[in-house]
2 protein chains.
Amino acid sequence: MFENKVPRTELSSLGEFGLIDHIAKSIHLTGERVLKGIGDDAAVIEHGGATMVISKDLLIEGVHFDLAFHPLKHLGFKAVAVNVSDLCAMNATATEILVGVAISNRFSLEAVEELYEGMQLACQKYNVNIVGGDTTSSRSGLMISITVLGTATKEQICYRTGAAVNDLICVTGDLGAAYMGLQILEREKRIFLESPNVQPNLSGNDYILERQLKPEARVDQIKKLAELGVKPTSMIDISDGLASELMHLCKNSQVGAVIYESKLPIDGQTYERAREFGIDPTVAAVNGGEDYELLFTLQQQDYEKIRPHADVSIIGYITEVDKGIKLMDKSDNEVVLKAQGWNHF
Amino acid sequence: MFENKVPRTELSSLGEFGLIDHIAKSIHLTGERVLKGIGDDAAVIEHGGATMVISKDLLIEGVHFDLAFHPLKHLGFKAVAVNVSDLCAMNATATEILVGVAISNRFSLEAVEELYEGMQLACQKYNVNIVGGDTTSSRSGLMISITVLGTATKEQICYRTGAAVNDLICVTGDLGAAYMGLQILEREKRIFLESPNVQPNLSGNDYILERQLKPEARVDQIKKLAELGVKPTSMIDISDGLASELMHLCKNSQVGAVIYESKLPIDGQTYERAREFGIDPTVAAVNGGEDYELLFTLQQQDYEKIRPHADVSIIGYITEVDKGIKLMDKSDNEVVLKAQGWNHF
């Protein structure tokens, strides 16, 4: 009705990260409350003498989840967990969330209850209160928008900007499992659509399915690091894949990195399923997203402290920025890392 | 694929408010940080010895706005303004926002820029920083989720629960204009769809169109009340219509109310257009939403302080709960008020 005749640049030509960068550049901060604005896992605000950490994430049906195989209760849990994970990545403790849900009349009250039940389970687990939000209808589909608030002292907070040359690169847990879980679910969905009477065959895949459907925020790891007296020099959570997140860390810290294929933590089930699917397990670990593990860097002097910690793998070290970001494969060949990330446009 | 065989209750049988009530009942708070959870315009949290006020709103294409007549720049402005308005309703000052945008590839980069330009205009106007958010793709349509943070001392904050018998009921600005603006826009859209070559005829409707397309948060009124040394006993912003909001105030404060048709502030343009459309101007004022004016109650003793304030109308008073919620019409007939609200399900 009032269409503008302006040039048209397709969003797909920028991708999601390009779009976020583009928007971030146009935003300027005023005043002194904001210690960190756009450009990390969460914003950091000084409020009444204390530091507050805050983040928000959107989960959109058909983009971030598929209700053909995502039970609503699991989805509710996941929606909270991925937000709490953002605060873990800041070395902060989540305290409250606000929940926005837009839902169409295709859903029943019972479905909404399941979704909230999952959210409340996660809130209990992570000791977080639901303090508000917005519930409204949508024309079609389900959209979940969660805002998470948390606390940390100014000294505790880890940014993406603090990695320095020679720092150790560490990762919690194992990688690629959520991605392989997704492959299984998508395979079973295809079979179901072709032959609705065939029961889905998910047995023997419990671990990787749970990693996809009900990921955990690594609050335990944040606590463990504090116990060990270790503070990461930089940190990020792995939502879009190791390569993509490592590139964020390096870009923000103005450094390069080398990681070793042989050091990547990959669970046996991930490895086996990847082989069956004809996927290189390393590719699943490096580019598969949604593991919600923590990627962080440590000063070399913390090596002895972190070594006995079974759930952290040291996978490489930080280099000068002009060395780029490299993977040393098992045959000692240097491969330039490329982030596949998630360009949904 | 994994469908549950559970009973199905349609969301339309509860409506949006019913659904929110239902969800709120299942949510329990722990700890001492949360001074107010779900059930007001914003949540109130004690953080580091200071009080923080936080709220979030979703705006969904096809439900809350129609891009046939909502220019993206105005929409961006509105998205921020309605959130700032929620903080006004708490007698708090907005300080930061987080912006979540889910957008499909039907939009261009230029369209996204327009949207953010509008948001930034509003942020400048209300002295608010954009500190973070999430930008992602959607399968179709545009969804905006804004979280707003703000400050207020514990003593300043106004809840929906404080209205007492004999308090004056006040409203800022005028009512029904945004609703009549919407009628004009929808009429012109219908004409456009039938005859795309006919230019939309919007002249003479500037005020009501702006009220619909680019509403303002009444930050000015909050400041004015402070200057006058007046603190509302309860307050809410008018997003869903006067009747609906008055019912929220009364329900939360456990009181009744009488308002007078003759006292309702209605702009001349609203009045004229309502007559032309065959709509009772009182109905537009009482049930038309999206004015984003403030509805509040005051102690009788503040009457002399508020009387010289031109932009506040005293429209009635609070009664005992068993008197119900009434409108006295111009012929002195008592009408029981019904909220139409917005049930999109």
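We now turn to the structure provided with this report.

1. A look at the interface of chain A and chain B
Phase 1 of the analysis: Taken together, the contact pairs 91 residues of chain A with 91 residues of chain B.
Phase 2 of the analysis: Surface buried jointly by chain A and chain B totals about 7,300 Å² across both partners, of which 63% is contributed by carbon and sulfur atoms.
Phase 3 of the analysis: Taken together, chain A and chain B are joined by 2 salt bridges.
Phase 4 of the analysis: In this assembly, chain A and chain B are joined by 36 residue pairs in polar contact (both at pLDDT 80 or more).
Phase 5 of the analysis: Here the side of chain A that touches chain B is built from residues that sort into 42 nonpolar, 32 polar and 17 charged.

2. Considering the packing of helix α4 (residues 177-194) of chain A against helix α5 (residues 206-213) of chain A
When two helices pack together, you describe them by how their axes are tilted relative to each other and by the distance separating the axes.
Residues and elements named next belong to chain A.
Phase 1 of the analysis: Close contact between α4 and α5 brings their axes to 7 Å; oriented N to C, the two are set at 100°. The pairing of α4 with α5 is recorded here as roughly perpendicular in orientation. Listed contacts from α5 to Ala177, Ala178, Tyr179, Met180, Gly181, Leu182, Ile184 and Leu185 of α4 are Tyr207, Ile208, Leu209, Arg211, Gln212 and Leu213.
Phase 2 of the analysis: Here the contact of α4 with α5 is composed, by residue class, of 11 nonpolar, 2 polar and 1 charged.

3. Here we look at the relation of the copies chain A and chain B
Phase 1 of the analysis: After a rotation of 180° and a shift along the axis of 0.0 Å, chain A superposes on chain B with an RMSD of 0.0 Å. The transformation relating the two chain copies, once decomposed into turn and shift, fits a two-fold axis. Taking C-alpha positions as the reference, the residue of chain A nearest the rotation axis is Gly48(A), at 3.1 Å.
Phase 2 of the analysis: Of all interface residues in chain A, 100% are interface residues in chain B too; the two copies therefore contact each other through one and the same surface.

4. What to know about the sheet that holds strand β8 (residues 234-237) of chain B
All names here are of chain B.
Phase 1 of the analysis: Across the sheet, 7 strands lie side by side as β8-β10-β7-β11-β9-β12-β13; this open sheet has mixed pairing. Edge positions in the sheet fall to β8 and β13 (334-336), since each of these pairs with one other strand and no more. Averaged over all pairs of adjacent strands, the angle between their axes in this sheet comes to 25°, without regard to strand direction.
Phase 2 of the analysis: Pairing geometry for strand β9 (residues 256-260) and strand β12 (residues 325-328), over 4 bridges, is parallel. Across the sheet, Tyr260 pairs through a bridge with Met328, a residue of β12.
Phase 3 of the analysis: With respect to the sheet, helix α2 (residues 72-88) is in contact with β8 and β10 (294-298), its orientation differing from that of β8 by roughly 175°.
Phase 4 of the analysis: Its contacts with the sheet place helix α7 (residues 242-253) against β7 (168-172), β8, β9, β10, β11 (312-319) and β12, and it is angled at close to 145° to β8.

Reading the values: rules and limits
Residues numbered from 1 in each chain as written. Chains lettered and ligands numbered in written order. Predicted model: local features only at pLDDT ≥ 70, side-chain atom pairs only at ≥ 80, totals over all residues. Heavy atoms only, no water. Contact = heavy atoms within 4.5 Å. Buried area = accessible area lost by both parts, 1.4 Å probe. Salt bridge = Lys/Arg side-chain N within 4 Å of Asp/Glu carboxyl O. Polar contact = N/O pair within 3.5 Å; in protein donor to acceptor, adjacent residues only side chain to side chain. Nonpolar A, V, L, I, M, F, W, Y, C, P; charged D, E, K, R; others polar. Axes fitted to C-alpha atoms, helices over the stretch in contact; angles between N-to-C directions. Helix = DSSP H or I, 4+ residues; strand = E, 2+ residues; numbered from the N terminus. Parallel < 35°, antiparallel > 145°, perpendicular 65-115°, else oblique. Least-squares fit on C-alpha atoms with pLDDT ≥ 70 in both. Pairing = 2+ DSSP bridges.

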